[in-house]
Amino acid sequence: MSPFDTRVPAVVLRVDRNPFHHGTLGAVRSLGRAGVEVHVVADCADSPVGASRYLHRLHTPPPPGASPAQVAEALRRVAAGLDGPAVLVPMDDLGAIAVARTRAELTPRYLLPELPGPLPERLADKAELAAVCAALDVPHPVTVLPDSAAEAVRAVATLGPPVVAKWSRPWLLPAGSGLRSTRLVRSARQVRELYARTGEAGGRLLLQAFLPPGPDRDWFFHGYADHRGVLRAGGTGVKTRARPRGAGLTAVGRWAADPGVRAPAERIVAELGYRGVLDLDFRRCGSTGRYHLLDFNPRPGAQFRLFTDTAGLDVVRALHLDLTRRALPVGAAVPGRVFVAENYAPLAALRPAPGGRETAWHARDDRAPGRALWRMWGRHAAGRLVRRPRRPDAAGGGPAVPGAATARLPHQADPADPVGLGDGERAGRR
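Residues numbered from 1 in each chain as written. Predicted model: local features only at pLDDT ≥ 70, side-chain atom pairs only at ≥ 80, totals over all residues. Heavy atoms only, no water.

Asks: I'd like to hear about the sheet that holds strand S8 (residues 182-185), residue by residue, with values.
Replies: The antiparallel open sheet is built from 4 strands, whose spatial order is S6-S9-S7-S8. Every interior strand has two partners, whereas the edge strands, strand S6 (143-144) and S8, have only one. Sheet topology places strand S7 (residues 163-167) next to S8; 4 bridges connect them, and they run antiparallel. If you follow Ala165 over to S8, its bridge partner there is Arg183. Running over the sheet, helix H7 (residues 149-159) touches S6, S7, S8 and strand S9 (205-209) and is turned about 15° from S9. (Pairing = 2+ DSSP bridges. Helix = DSSP H or I, 4+ residues; strand = E, 2+ residues; numbered from the N terminus. Contact = heavy atoms within 4.5 Å. Axes fitted to C-alpha atoms, helices over the stretch in contact; angles between N-to-C directions.)

Asks: Break down the pattern of salt bridges for me, with residues and values.
Replies: When charged atoms on two side chains of opposite charge get close, those side chains can pair. If you walk through the whole model with that rule in mind, you get 28 salt bridges. One salt bridge in this structure joins Asp226 and Arg228, with 3.2 Å as the shortest N-O distance. Through salt bridges with shared partners, a single network forms among Glu73, Arg76, Arg77 and Glu105. (Salt bridge = Lys/Arg side-chain N within 4 Å of Asp/Glu carboxyl O.)

Asks: Before we move on, could you go through the packing of aromatic side chains and cite the residues and values that matter?
Replies: Taken as a whole and judged by the stated rule, the model has 4 aromatic pairs. Centre to centre, the rings of Trp255 and Phe307 are 5.1 Å apart; their planes meet at 85°, and the pair counts as edge-to-face. Here the residue Trp255 occupies a position in strand S12 (residues 249-255), and Phe307 occupies one in the loop between strand S14 (291-297) and helix H11 (315-323), the gap between them amounting to 52 residues. Using a relative accessible area of 4% as the deciding quantity, one classes Trp255 as buried. (Phe/Tyr/Trp six-rings, centres within 6.5 Å; stacked < 30°, edge-to-face > 60°. Buried < 20%, exposed > 50% of the residue type's maximum accessible area, 1.4 Å probe, protein only.)

Asks: So what's going on with helix H10 (residues 259-272)? Residues and values would help.
Replies: Here H10 contains 14 residues, and its C-alpha end-to-end distance of 20 Å stays within 8% of the 20 Å for a straight helix at 1.5 Å per residue. One side-chain oxygen at the N-terminal end of H10 lies 2.9 Å from the backbone nitrogen of Gly260; it belongs to Asp258. Positioned one or two residues after H10, Gly273 has a phi angle of 75°, which is positive. (Expected span 1.5 Å × (residues − 1). Polar contact = N/O pair within 3.5 Å; in protein donor to acceptor, adjacent residues only side chain to side chain.)

Asks: Let's hear about the layout of surface pockets: which residues, and what values?
Replies: Taken as a whole, the second largest pocket encloses approximately 310 Å³ of empty space. Taken together, 20 residues form the lining of the second largest pocket, with Ala233, Gly234, Trp255, Arg262 and Ala333 sitting closest to its centre. Listing elements by their share of the lining of the second largest pocket, those giving two or more residues are strand S11 (231-243) and H10. A total of 6 residues in the lining of the second largest pocket trace back to one element, the largest contributor, which is S11. Its residues assigned to classes, the lining of the second largest pocket comprises 12 nonpolar, 4 polar and 4 charged. (1 Å grid on protein atoms, 1.4 Å probe; cavity = no way out; pocket = protein on both sides within 12 Å on 5 of 7 lines; lining within 4 Å. Points joined across faces, edges and corners; volume = space filled by probe spheres on them. Nonpolar A, V, L, I, M, F, W, Y, C, P; charged D, E, K, R; others polar.)

Asks: Describe the confidence of the model for the protein chain, with residues and values.
Replies: Per-residue confidence for the protein chain gives a mean pLDDT of 88, with 88% of residues at or over 70. Below pLDDT 50 for its whole length, residues 391-430 participates in 186 contacts with residues either more than four positions away or in separate chains. (pLDDT = per-residue confidence, 0-100.)

Asks: How would you summarise the packing of H7 against helix H8 (residues 188-195) if you had to cite specific residues and measurements?
Replies: In the contact formed by H7 and H8, the axes pass within 9 Å of each other and the chain directions differ by 140°. Compared by their axis directions, H7 and H8 come out oblique. Note that H7 runs across H8; the crossing there is right-handed. Contacts between H7 and H8 pair Ala149, Ala152, Val153 and Val156 from the former with Ala188, Val191, Arg192 and Tyr195 from the latter. Among the residues forming the contact of H7 with H8, the class breakdown is 7 nonpolar, no polar and 1 charged. (Parallel < 35°, antiparallel > 145°, perpendicular 65-115°, else oblique. Left-handed = near helix turned anticlockwise from the far one by under 90°.)

Asks: Can you break down the sheet that holds strand S5 (residues 110-111) residue by residue, with the values?
Replies: Reading across from one edge, S3-S2-S1-S4-S5 is the order of the 5 strands in this open sheet, with parallel pairing throughout. The open sheet is flanked by strand S3 (57-59) and S5, the only strands paired with a single partner. Judged from the 3 bridges that link them, strand S2 (residues 38-41) and S3 form a sheet pairing that is parallel. What sits directly across from His39, in S3, is Arg57. Sheet strands in contact with helix H1 (residues 22-33) are strand S1 (10-13), S2 and strand S4 (86-90), and its direction is about 165° off that of S2. Relative to S4, H11 is tilted by about 150°, and along the sheet it contacts S1, S4 and S5.

Okay, here's the thing in structure tokens:
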């Protein structure tokens, strides 16, 4: 007998327009294989996700730049066609924040974790996260929020150069503006030009000390905080290859247990009362060995299926089981298991993986998305090369960060550069 309440469907929400967000496909497959009816609210017209055998139905997403109220309206339209309440699975920061803001309107049509509405937005906000880390004594890069261009220039001189420049609310960056969620700046000119664009960014500019990249330094934690606040499913992993190199989404990652990565997650969940799925990014300092928390994403990370234990449990399945008040099976961790996004690291998908491997697109029981990927990816890449305009460094505030703490949302890449083929990535969609 299935441990899942298969009478309760799942609605997977993705607000950003990235057609190659493999985390969406991961959620569809994970719940679909468990016998759950899966609906997707996202733009999948040119996405391999729409080819999955486990997808029950696609629904029209909210319009680009949608407000939380518009997101809630789109979700209410979907709920009107369902026989009962559904488990809602936001797959990007903007969706998670919109759902948290409109929670009262969405229940009881949707089953949602019990948590304070402002908390997901507070943790996704880069400036707020710095304050949370300081209050909870969680290692975090030294951060300055300048109140003037002159103060920003002084911060560059004090912290670097180079320093990492971030917009505190990357999900609000306007499409086509050339602004990127995270940049590396080296000069007074660059930071002045960046600060001058604060009015159009939708959030504050913050400057952080740069932690250099290196082997075995980029880590992540995925987990699910159940209705009692206990962390279930998930695990700690190390990023072995990124796209773009050293700074972007996880192209290849490996499950590797490390208490130093898990402990901050447990502290934040306990102190703030967080409930639901979480995805944290860390950078290990080469000189001190401390793991600095860079990003807190209040939803599943794109590579969440890496952490599938011996009982078949992952964070999305844990969400459905917990919200339908079903017992979560107890399995063992599988250290050494590897995740590969084939469109970013095709050769890695062919190498031996003694601990097991999870591929983003290809699956023996769901072959159509993998075949569709290469057809669509080839057209997309060719189109990007033909259409991509040159953008001056000044527009983005300098070169892309080579391994800096980005609010990467591989699911939330810049709409002008949704899959990281270029040098920009907009956070809010990982």
